[in-house]
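Summary of structural features
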Amino acid sequence: MSIVVTGATGQLGRLVIDALLAAVPAESVAAVVRNKEKAADLADRGVELRIADYSRPETLAEAFAAGDRVLLISGSEVGQRVPQHAAVIDAAKAAGVAQLAYTGVLGGDDADFDLAAEHKETERLILASGLPHTFLRNGWYTENYTANLAPVLAHGAVVANAGEGRIASAARADYAAAAAAVLTGPAEEHLGRTYELSGDTAWSLAEYAAEVAAQSGREIAYSNVPAEAHLAILTGAGVPQVFAEILVDVDRAVEHGALAVRTGDLARLIGRPTTPIAVTIKEALASA
C-alpha cells in the first residue's frame, strides 16, 4: 500500500509531498507525474514515480494499486477537468484503492461561481463510483493574490469587482498539510467525510491592499470597479478572455460571501492556526 499523490509536480502537489515526507517514510509515498525529468528531485528523495497523464486514460492503468490511499489533485485545464478526473476515478476503482481524496472547492454544491462547476461534477462522479472517499473542499489560497504582487506594486492598486466581500484564505501549504493529515491518519476517521477548508480569518481586498502598503512602504489603494470594467482591464493587460471571465466571476462570488466561510476544519486538521495573510504577504515581498 502506498500513499499516492497525483499532479505531484504542481504547486500544491509538491507541498503535499513535503508534508507527507515529514510524516511517513519516503518508500511509502508515490507520485503520479507526466514528466519523469520534472520529478527527478522527488525520485532523489526516495519517492516512487508513476508516469501517467490525466488526458491519456490508458496510462493510468498502472498508476494505482489495491489498497493505495490516493489524493486526486484537480487538474489545471479548465474545461477539460471532468473527463480527466473521470479517467482517474475509473482507474482508481479498477485498482481497488482504499481511499480517494479529492481537492474540490469550498461550498461544494452551494458554490455558485463558474469555476466550481467541474469540481461539483467530479464529486458526483466519485460518489457514483462507490469508492471510499474524502472530499477536501479547498477555499482560496492566499497565494492566488500574492503571486500577482508585481503589477500591484507597479500600479499602486489592487483592482477587482469584489466590493467589500471577504475572503477566508489560507496559505497553500496549509491545504497541503491538511491533505497529508487525511492521507496518513486513521482511514476510518476520514472516509465518507467532507471537509470545508478555509482560513481562520476572512479579510477584504481593502484590508489586503492596506497590508501590502504597510509592508512595502508604498501607497497601495483598493480600486473596486464594475465587472465589465474589470474584464476590460484584465483583457487589456493580456489576460486570455476565458481566464479573465473566470476572475471576474470569482470576484462576484467574493462580493456575495461565497469565499468568506469559516468552519475551522482546516485548523483542526493541521493542528494549528492557519497562516495569517500578513505572513504570506511578507514572504511574497521578500521574493519579489
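Quick summary incoming for the structure in this document. In this text the structure is predicted, and so the values were computed from the model without any measurement.

What to know about the overall build of the protein chain
Each helix and strand counted, the protein chain has 13 helices and 11 strands in total. Counting only C-alpha atoms and orienting by the principal axes, one finds that the protein chain spans roughly 55 × 35 × 35 Å. Evaluated residue by residue, the protein chain yields a buried proportion of 51% over its 288 residues. Carbon together with sulfur atoms contributes 54% to the accessible area of the protein chain, which is approximately 12600 Å² in total. Averaging the positions of the 22 positive and the 36 negative side-chain charges in the protein chain gives two centres separated by 3 Å.

Some thoughts on the packing of helix α1 (residues 11-21) against helix α7 (residues 172-184)
Helix-helix packing is characterised by the crossing angle of the two axes and by the distance between the axes. At a minimum axis distance of 8 Å, the contact between α1 and α7 shows a crossing angle of 50°. When the axis of α1 is compared with that of α7, the two are oblique. When you trace α1 past α7, the crossing you get is right-handed. Listed contacts from α7 to Gln11, Leu12, Leu15, Val16, Ala19 and Leu20 of α1 are Arg172, Ala173, Tyr175, Ala176, Ala177, Ala179, Ala180, Leu183 and Thr184.

Focus: the nonpolar core
Ranked by size, the top nonpolar core spans 54 residues in total, and within it Phe64 and Leu71 carry the most contacts. The element contributing the most residues to this core is α7, with 7 residues. Each residue touching Phe64, except ones within four places of it in the same chain, is listed here: Val4, Thr6, Val32, Arg50, Val70, Val88, Ala91, Ala92, Ala95 and Val97.

Points about the environment of Ala284
Take Ala284: it is sitting in helix α13 (residues 277-287). With a relative accessible area of 14%, Ala284 lands in the buried category. With 110 residues separating them along the chain, Ala284 and Asp174 place their C-alpha atoms 16 Å apart. Residues within four places of Ala284 in sequence aside, it is in contact with Thr146 and Leu149.

Considerations on α13
Structurally, the α-helix is built with 3.6 residues per turn, so residues lying three or four positions apart point the same way. Within the sequence span of α13, burial applies to Ile277, Thr280, Ile281 and Ala284. In a view along the axis of α13, the buried residues occupy a sector of 100°, so they form one face of it. Those residues of α13 that are exposed and angled more than 90 degrees off the buried face are Lys282, Glu283 and Ala286. Considering only its buried residues, α13 is in contact with α5 (143-146), α6 (149-155), β10 (203-204) and α9 (205-216).

Things to note about the side chain of Asp68
Structurally, Asp68 can be placed in the loop between β3 (48-51) and β4 (69-72). Relative accessible area serves as the criterion here: at 1%, Asp68 is assigned to the buried category. Only 2.9 Å separates the side chain of Asp68 from the backbone nitrogen of Ser2, close enough to count as a polar contact. A polar atom in the side chain of Asp68 sits 2.7 Å from the backbone nitrogen of Ala65. Ignoring anything within four residues of it in the chain, the contact list for Asp68 reads Met1, Ser2, Val4, Arg50, Val97, Ala98 and Gln99.

Definitions and cut-offs
- Residues numbered from 1 in each chain as written.
- Predicted model: local features only at pLDDT ≥ 70, side-chain atom pairs only at ≥ 80, totals over all residues.
- Heavy atoms only, no water.
- Helix = DSSP H or I, 4+ residues; strand = E, 2+ residues; numbered from the N terminus.
- Buried < 20%, exposed > 50% of the residue type's maximum accessible area, 1.4 Å probe, protein only.
- Areas by Shrake-Rupley, 256 points an atom, 1.4 Å probe, with all protein chains shown as cover.
- Lys, Arg positive; Asp, Glu negative; His and termini not counted.
- Charge placed at Lys NZ, Arg CZ, Asp CG, Glu CD.
- Axes fitted to C-alpha atoms, helices over the stretch in contact; angles between N-to-C directions.
- Parallel < 35°, antiparallel > 145°, perpendicular 65-115°, else oblique.
- Left-handed = near helix turned anticlockwise from the far one by under 90°.
- Contact = heavy atoms within 4.5 Å.
- Core = buried A, V, L, I, M, F, W, Y, C linked by side-chain atoms within 4.5 Å.
- Arc of directions from axis to C-beta.
- Polar contact = N/O pair within 3.5 Å; in protein donor to acceptor, adjacent residues only side chain to side chain.

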